[in-house]
Amino acid sequence: MGTRPKRAADKESSVEKYDGPDSGKVRFDDPWYDALASGWGELDSTGAPAPAVPPARGEQEDRTARAADVYLEVQRSAAFQEVRSRYRRFVVPAVAVFFTWYVGYVVTATTAPEFMAQPVAGAVNVAMLAGLGQFLTTFLFTWAYARHARLRRDRAALDLRWDTQELTRSVAGGGR
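Bear in mind that the values here come from a model prediction, so they are computed numbers and not experimental data.

Student: For the overall build of the protein chain, give the residues involved together with the corresponding values.
Tutor: Broken down by element type, the protein chain carries four helices and two strands. Written out in order from the N terminus, the α and β elements of the protein chain read α-α-α-β-β-α. For the protein chain, buried positions account for 14% of its 176 residues. Carbon together with sulfur atoms contributes 62% to the accessible area of the protein chain, which is approximately 14,400 Å² in total.

Structural data, given as structure tokens:
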């Protein structure tokens, strides 16, 4: 097989600049070389570092305050309250049921070990079934939560998010 001609893709990449015998050296033509930009870190006439130019704070604070008002307005809206209400209507009972089931399992395991040791089938006893039941209910609640979110909350939350982004973009002056 012959040799092929050099192509643009065969040029040395920025990663290859660190390979070879001088791998510890940084080359100055490296675009990632951390050099100071013009005017940064320079000394003033007294020999002290030149002061940085402060940002225009009044304008930035005003935009931030207006964006915060947008979020407060959205939080007070009926649509946001409905999304939060749907979330609570699912999560509070689910947490109560799961916590009761978990505490019941732990209390029964510590106060009634003879009951938990009763065989069910072969070497499988009540404690093993209840422990596996803990895993099963964890997966069941996870599936139910994801389903509830997808069917009852995601669309409304996405609409709220879209509206909020549009309002904050127009407040910040980036409206298109």
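Student: Mind laying out the UniProt feature "transmembrane region" (unreviewed entry) in the protein chain, listing which residues take part and the relevant values?
Tutor: The UniProt record marks residues 90-108 and 120-146 with the feature "transmembrane region" (unreviewed entry), using the residue numbering of this structure. Strand forms 0% of residues 90-108 and helix 100%; the C-alpha atoms that close the span are 27 Å apart. With 78% helix and 15% strand, residues 120-146 has end C-alpha atoms that lie 33 Å from one another.

Student: Which residues make up the nonpolar core, and what values do they have?
Tutor: Grouped together as the largest cluster of nonpolar side chains are five residues: Val70, Val74, Val83, Leu160 and Val171. Those residues in contact with Leu160 that sit more than four places away from it in its chain are Val74, Ser77, Ala79, Phe80 and Val83.

Student: Tell me about the packing of aromatic side chains, residues and numbers included.
Tutor: Taken as a whole, this structure holds two aromatic pairs when the rule is applied. Ring geometry for Phe90 against Tyr145: centres 5.9 Å apart, planes inclined by 50 degrees, an arrangement best described as tilted. Taken together, the residues Phe90 in helix α2 (residues 78-111) and Tyr145 in helix α4 (residues 126-171) connect sequence positions 55 residues apart. Considering the side-chain rings of Phe98 and Phe141, the 5.8 Å spacing of their centres and the 90 degrees angle between planes classify their relative orientation as edge-to-face. With Phe98 in helix α2 and Phe141 in helix α4, the pair connects residues that are 43 residues apart, well separated along the chain.

Analysis parameters
All residue numbers refer to position in the chain's written sequence, counted from 1. For this predicted model, a pLDDT threshold of at least 70 governs which residues receive local features, and a threshold of 80 or more governs which side-chain atom pairs are given and counted, while totals over whole chains, interfaces and linings are taken from all residues. Where side-chain values are given, they derive from all heavy atoms of the structure, hydrogens and water being excluded. Comment: elements are numbered from the N terminus, with helices defined as DSSP H or I runs of at least four residues and strands as E runs of at least two. Note on exposure labels: buried denotes an accessible area under 20% of the residue type's maximum, exposed denotes more than 50%, and partly exposed covers the range between, all computed with a 1.4 Å probe on protein chains only. To measure how exposed things are, a 1.4 Å probe is used in the Shrake-Rupley method; for residues, cover is taken only from the protein chains shown. UniProt positions are given in the numbering used here, feature names are shortened, and annotations may be inferred rather than shown by experiment. We call a set of buried Ala, Val, Leu, Ile, Met, Phe, Trp, Tyr and Cys residues a nonpolar core when their side-chain atoms join them within 4.5 Å. Residue contacts follow a heavy-atom distance rule, with two residues in contact if any of their heavy atoms lie within 4.5 Å. Ring pairs shown here join Phe, Tyr and Trp side chains whose ring centres sit within 6.5 Å, with only the six-membered ring taken for Trp; geometry is labelled stacked below 30 degrees between planes, edge-to-face above 60, and tilted in between.

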